[in-house]
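Tertiary structure, described
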Amino acid sequence: MSDRHDHFETLTVHVSADPDPATGAVVPAIQMSTTFKQDAVGQTRDGFEYGRSDNPTRRALEAAIAALEGAAHGIAFASGLAATQNILYLLDPGDRLVVSDDVYGGTWRLADKVWRRYGVQTDAVDLRDLDAVAAALAGDGTAPPARMVWIETPTNPLLKVVDISAVARLAATSGALTVVDSTFATPYLTRPLELGADLVLHSATKYLGGHSDVIGGLVATSRDDVAATLRFHQNAAGAVPSPFDCWLVLRGLRTLAIRMDRACANAAAVATWLQRRAGVARVHWPGFPDHPQRELVERQMRLPGAIVSFELTADEPVTRRLAATTRLFTLAESLGAVESLIELPAAMTHLSVAESPLAVPPGLIRLSVGIEAADDLIADLEQAFVAAGVAAGVDAG
Ligand SMILES: *Cc1c(COP(=O)(O)O)cnc(C)c1O
């Protein structure tokens, strides 16, 4: 980047978009070459030698996520879980990992089904409870102190908010690394490294890509030692994104701020409507004025996010009917794109954690609110409520 940009919105548009010095192209090129000419043995141009080790399009994306997170280093992977796997390579056999008790199901599966076999023990803790965090980090007679704490905030699908600064302080005191999976917040809403985290991770498949057309993962850190280990494993284990995938994420990033503004405003309208709709038992959304963590939400998040989950007073068949009856909200997994999605976590995204400590309420519905018109989204939900047989009308109160 040639200029300093004071506002995040400006940075998202201009980061990694300096005109190409050779052609003047205002969009980075998709460089497909897998190998790069050396001018003499071992003498590369700008460090490029082989496409798994480094690639110009990937380097542009890595610079972009570093800039957006205020980090010294950005590192790109083929998926959010490939990024997760790479961070877990920082651990050794015998180490302990502490995770949010409603961490992303795939993160739990990787830790519990794969890393456990290699001698890494994972404990799930409610990271809102700082006494429990301190105890889990310290370990006891049988468990060594934790090497890493894995925060997700807001959590999926119950949208609990974790105090990143407080957990990072406790972790630093006990010598553990703090990782924040910031997929739901994006750097537009929360900047975890500024709050004391050592690493921040994104499933770029979600808001950063933003159009449901690319799988990707990104990590940012300002720790040189950690970045060097991650880079070593990025190349050694090889779960790298394609140049085209990197380009799609770069393209998505340019509209991140404006997409998040609209999606968060729509989520506020939908959550408020749900809270007043007859037949709704509970709505989970961090932006309600009476949310128990309101002070933290305001301190840590620019906006309260665009994921909303809710439970009906009716039983599960009605819930399933409702989720299959919306027209604008597509019944599908994933989240964070321009189009609105609806799903039942217990039967879909969170099926893999069904019998685990991370099991979710069976009747919970999760919405990923997109950037359509809020009135159309609410009208779609209303017709689905009626079609599913949930008593019509909005509660007077
Ligand atoms: C989707 C997701 C992941 C995994 O990312 P993939 O790109 O699907 O591998 C990790 N964390 C969170 C919070 C997610 O939503």
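None of the values given here were measured: they were computed from a predicted structure.

1. A word on the overall build of the chain
Counting its secondary structure elements, the chain contains 13 helices and 12 strands. Since a compact globule built from 397 residues should have a radius of gyration of about 21 Å, the 22 Å found for the chain is in line with a globular shape. Dimensions along the principal axes, computed over C-alpha positions, put the chain at roughly 75 × 60 × 35 Å. Here the chain holds 397 residues, and 52% of them are scored as buried. For the chain, the proportion of contacts with a sequence separation of at least 24, taken over those separated by at least 6, is 72%.

2. Regarding the sheet that holds strand β10 (residues 330–331)
If you trace the 5 strands from one edge of the open sheet to the other, you get β8-β9-β12-β11-β10, paired in mixed fashion. Strands with a single pairing partner mark the edges of an open sheet, and in this sheet they are β8 (280–284) and β10. Alignment of β8 against strand β9 (residues 307–312), held across 4 bridges, turns out to be antiparallel. Opposite V280, over in β9, you have L312 as the bridge partner.

3. A closer look at the sheet that holds strand β7 (residues 217–221)
Strands pair in a sheet through their backbones, by hydrogen bonds, and they do so in one of two ways: parallel or antiparallel. Read from one edge to the other, the open sheet built from 7 strands follows the order β1-β7-β6-β5-β4-β2-β3, with strand pairing classed as mixed. Strands at the two margins of the open sheet, each flanked by one partner only, are β1 (73–77) and β3 (121–125). Across the sheet, the mean angle separating the axes of adjacent strands is 20° when strand polarity is ignored. In this structure, strand β5 (residues 177–181) lies alongside strand β6 (residues 199–203), joined through 3 bridges in parallel fashion. Looking at the pairing, V179 lines up with L199 of β6. Contacting β2 (96–100), β3 and β4 (148–152), helix α4 (residues 105–114) crosses the sheet at an angle of about 145° to β3.

4. What about the pattern of salt bridges?
On inspection of all chains with the given rule, the structure shows 23 salt bridges. Close ionic contact of K113 with D112 constitutes a salt bridge, the shortest N to O distance being 3.8 Å. Classification of K113 by relative accessible area gives exposed; the value is 55%. Measuring nitrogen to oxygen at the nearest pair gives 2.9 Å for the salt bridge that ties D225 to R223. Judged by its relative accessible area of 45%, D225 is partly exposed. Exposure remark for R223: the relative accessible area of 33% places this residue in the partly exposed category. Via salt bridges that share partners, K37, D39 and R45 belong to a single interconnected network.

5. What to know about the packing of helix α10 (residues 256–276) against helix α13 (residues 374–388)
Taken N-terminus to C-terminus, the directions of α10 and α13 make an angle of 30°; their axes are 9 Å apart at the nearest point. Once α10 is placed against α13, the crossing between them reads as right-handed. For the pair formed by α10 and α13, the contact residues are N266, A269, V270, W273 and L274 on the first element and A374, L377, I378, L381, E382 and F385 on the second. For the contact of α10 with α13, the per-class residue count stands at 9 nonpolar, 1 polar and 1 charged.

6. Concerning the nonpolar core
Residues L274, F310, L322, L367 and F385 are the most contacted members of the largest nonpolar core, which totals 65 residues. The element best represented in this core is α10, accounting for 10 residues. Lining this core are residues from two domains, each supplying at least three of them: domain 1 (8–253) and domain 2 (257–387). In contact with F385, other than residues within four places in its own chain, are W273, L274, R277, A278, V280, F310, L312, L322 and V390. In this structure, A82, L90, A111 and V179 belong to the second largest nonpolar core, which totals 28 residues.

7. Some details on the domain arrangement of the chain
Looking at the chain, the domain boundaries give domain 1 (8–253) and domain 2 (257–387). Once you take the C-alpha centre of each, domain 1 and domain 2 turn out to be 26 Å apart. Between domain 1 and domain 2, the residue contacts involve 39 residues of the former and 39 residues of the latter. Across the domain 1/domain 2 interface, buried area totals approximately 3200 Å², and carbon plus sulfur atoms make up 61% of it. Summed over the three residues of domain 1 that lose the most area to domain 2, namely Y188, L189 and Y207, the buried surface amounts to 24% of that side. Note that R299 and D163 form a salt bridge whose closest N and O atoms lie 3.4 Å from each other. Across the domain 1-domain 2 interface, the total number found is 17 residue pairs in polar contact (both at pLDDT 80 or more). Where the side of domain 1 that touches domain 2 is concerned, the elements lending two or more residues are α1 (8–14), α4, α7 (186–189) and α9 (243–253).

8. Considerations on helix α6 (residues 164–174)
Spacing of three or four residues puts side chains on the same side of an α-helix, whose turn is 3.6 residues. Looking at α6, one finds that the buried residues are I164, S165, A166, V167, A168 and A171. Buried residues along α6 sit in contact with α5 (130–138), β4, β5 and α11 (294–300). Its side-chain oxygen at 3.3 Å from the backbone nitrogen of S165, D163 defines the N-terminal cap of α6.

Calculation criteria
In this convention, every chain numbers its residues from 1, walking through the sequence in written order. In view of the model being predicted, local features appear only for residues whose pLDDT reaches at least 70, and side-chain atom pairs are presented and counted only at 80 or more, with totals across whole chains, interfaces and linings using the full set of residues. Here the side-chain values reflect all heavy atoms present in the structure, with hydrogen atoms and water set aside. Secondary structure follows DSSP: runs of H or I at least 4 residues long count as helices, runs of E at least 2 residues long count as strands, and numbering of each begins at the N terminus. The globule rule is 2.2 Å times the number of residues to the power 0.38, and the radius of gyration it is compared with is taken over C-alpha atoms. Each residue gets one of three labels from its accessible area relative to the maximum for its type: buried under 20%, exposed over 50%, partly exposed in between, using a 1.4 Å probe on protein chains only. By the convention used here, residues are in contact when the closest approach between their heavy atoms is within 4.5 Å. For two strands to pair, DSSP has to find at least two bridges joining them. To define axes, lines are fitted to C-alpha atoms, for helices over the stretch in contact only, and angles between the resulting N-to-C directions are given on a 0 to 180 degree scale. Salt bridges, as used here, are contacts in which a Lys or Arg side-chain nitrogen is within 4 Å of a carboxyl oxygen on Asp or Glu. What makes a crossing left-handed is the near helix being turned counterclockwise from the far one by less than a right angle; a clockwise turn instead makes it right-handed. Asp, Glu, Lys and Arg are counted as charged, while Ala, Val, Leu, Ile, Met, Phe, Trp, Tyr, Cys and Pro are counted as nonpolar; the rest, among them Gly, fall into the polar class. Nonpolar cores are built from buried Ala, Val, Leu, Ile, Met, Phe, Trp, Tyr and Cys residues. Side-chain atoms within 4.5 Å join them into one set. Per the annotation, domain bounds derive from an automatic or database assignment of domains. What counts as buried area is the accessible surface, traced by a 1.4 Å probe, that two parts surrender upon association, with contributions from both included. Polar contacts here mean pairs of N or O atoms no more than 3.5 Å apart (in protein, one a potential hydrogen donor and the other a potential acceptor; neighbouring residues in sequence count only if both atoms are side-chain atoms).

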